[in-house]
Amino acid sequence: KQANGTIKIAIQKIGRLSEGSLELLKNMGLQFETYKDRLFTSCRNLPIDILFLRDDDIPEYVQDGVADLGIVGSNVLDERETSIQRLLPLDFGYCSLNIAVLEQSMLLSVNDLKGKRIATSYPIALARYLTEKKIKAEIVLLRGSVEIAPALKVADAICDLVSTGSTLRTNRLKVIEKVSRSQAILIGQNDPPEQKKQLIERLLLRARGVQEARKYKYVMFNLPKDALEKITKLVPGCKSPTVIPLNDPRFVAIHSV
């Protein structure tokens, strides 16, 4: 392997995108091992290194050329003014950026937030949303434990990522407005090195192939030959099912996608 031709892919070390990112890379045919507390690992079958980083750092690593590709939540990209390409939505890691208040709160809609305080770790996305809605509210920036802000009287509402909603329920919060939806995105440099472009295109093709394959199932079964016409109408396949004669001439095997 030549160091200047090795592709570096940055993924989340720990968090909601970590498992899905590893699964995607392995489904793309990358062979590698993962070890606890390792910052990177190398693929056995391709000139690719995988970097394990904080998700907030991934866009900058890609922008600065330390990594060639990255998998990161679109919510992170919305908070940063980085110069990167959004190459492919990956169809996993879905969540939403929501505004929530205490269950007993009299704040029922986004219009009720005028003049109120909203705690968040996503000030840019929230400010953009409030501007669009023409709502003037105070944004309270918190880097952690946003969900306890209303109970501590730090803020009247919060704006935070929600996946299952269990954290909101635990803290007796209810959603009153959805700001945006987020999913995992494959990102890349705006102008990747020439010697890496071919492998990057191959990886993109594989990622798209994994996504396409998820839409289909491969079905195989045997049936009496005289039922063939009826069955092929029920299971037509992408174009036409494959029909294979069996040792017993009364039966055939059907293979259909």
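Refer to the structure presented above.
Residues numbered from 1 in each chain as written. Predicted model: local features only at pLDDT ≥ 70, side-chain atom pairs only at ≥ 80, totals over all residues. Heavy atoms only, no water.

Asker: Help me get a handle on the sheet that holds strand S2 (residues 40-42), residues and values and all.
Answerer: Hydrogen bonds between backbone groups are what pair the strands of a sheet, and the pairing can be parallel or antiparallel. Taken together, 6 strands build an open sheet; the order of strands is S2-S3-S1-S4-S11-S5 and the sheet is mixed. Looking at which strands have only one partner, the edges of the open sheet turn out to be S2 and strand S5 (84-89). Put simply, the sheet's adjacent strands are angled 25° from each other on average, direction ignored. Note: strand S1 (residues 7-12) against strand S3 (residues 48-53), 6 bridges, orientation parallel. Residue pairing for S3: Ile 9 is matched across the bridge by Ile 50. In this fold helix H1 (residues 18-27) packs onto S1, S3 and strand S4 (69-73), with an angle of close to 150° to the strand it touches most, S1. (Pairing = 2+ DSSP bridges. Helix = DSSP H or I, 4+ residues; strand = E, 2+ residues; numbered from the N terminus. Axes fitted to C-alpha atoms, helices over the stretch in contact; angles between N-to-C directions. Contact = heavy atoms within 4.5 Å.)

Asker: Explain the side chain of Ser 74 residue by residue, including any values.
Answerer: Within the secondary structure, Ser 74 is located in helix H3 (residues 74-78). Of note is the side chain of Ser 74, whose polar atom sits 3.1 Å from the side chain of Ser 182. Apart from residues lying up to four places away in sequence, Ser 74 is in contact with Arg 86, Arg 181, Ser 182, Gln 183 and Ile 185. (Polar contact = N/O pair within 3.5 Å; in protein donor to acceptor, adjacent residues only side chain to side chain.)

Asker: Account for the nonpolar core, naming residues and giving values.
Answerer: Note that soluble globular proteins tend to have their nonpolar side chains buried in a common cluster. Formed by 28 residues in total, the largest nonpolar core has its most connected members in Ile 9, Leu 25, Leu 30, Ile 48, Ile 71 and Leu 203. When contributions to this core are tallied by element, the ones reaching two or more residues are S1, H1, S3, S4, strand S11 (184-189) and helix H6 (197-213). Here this core gets 6 residues from one element, more than from any other, and that element is H6. Beyond its immediate stretch of four places on either side in the chain, Leu 203 contacts Ile 7, Ile 9, Met 28, Leu 30, Ile 48 and Leu 69. Among the nonpolar cores identified, the runner-up in size contains 17 residues, and Leu 97, Leu 113, Leu 126 and Ile 135 belong to it. (Core = buried A, V, L, I, M, F, W, Y, C linked by side-chain atoms within 4.5 Å. Buried < 20%, exposed > 50% of the residue type's maximum accessible area, 1.4 Å probe, protein only.)

Asker: Lay out helix H4 (residues 123-133) with the relevant residues and their values.
Answerer: Residues of H4 that are buried: Ala 125, Leu 126, Tyr 129 and Leu 130. Around the axis of H4, the buried residues are gathered within 130° of arc, so they sit on the same side. For H4, the exposed residues set more than 90 degrees away from the buried face come down to Thr 131 and Glu 132. Against the buried residues of H4 lie strand S6 (95-102), strand S7 (117-120), strand S8 (138-141), strand S9 (157-162) and strand S10 (173-182). At the exit of H4 stands Lys 134, carrying a positive phi of roughly 60°. (Arc of directions from axis to C-beta.)

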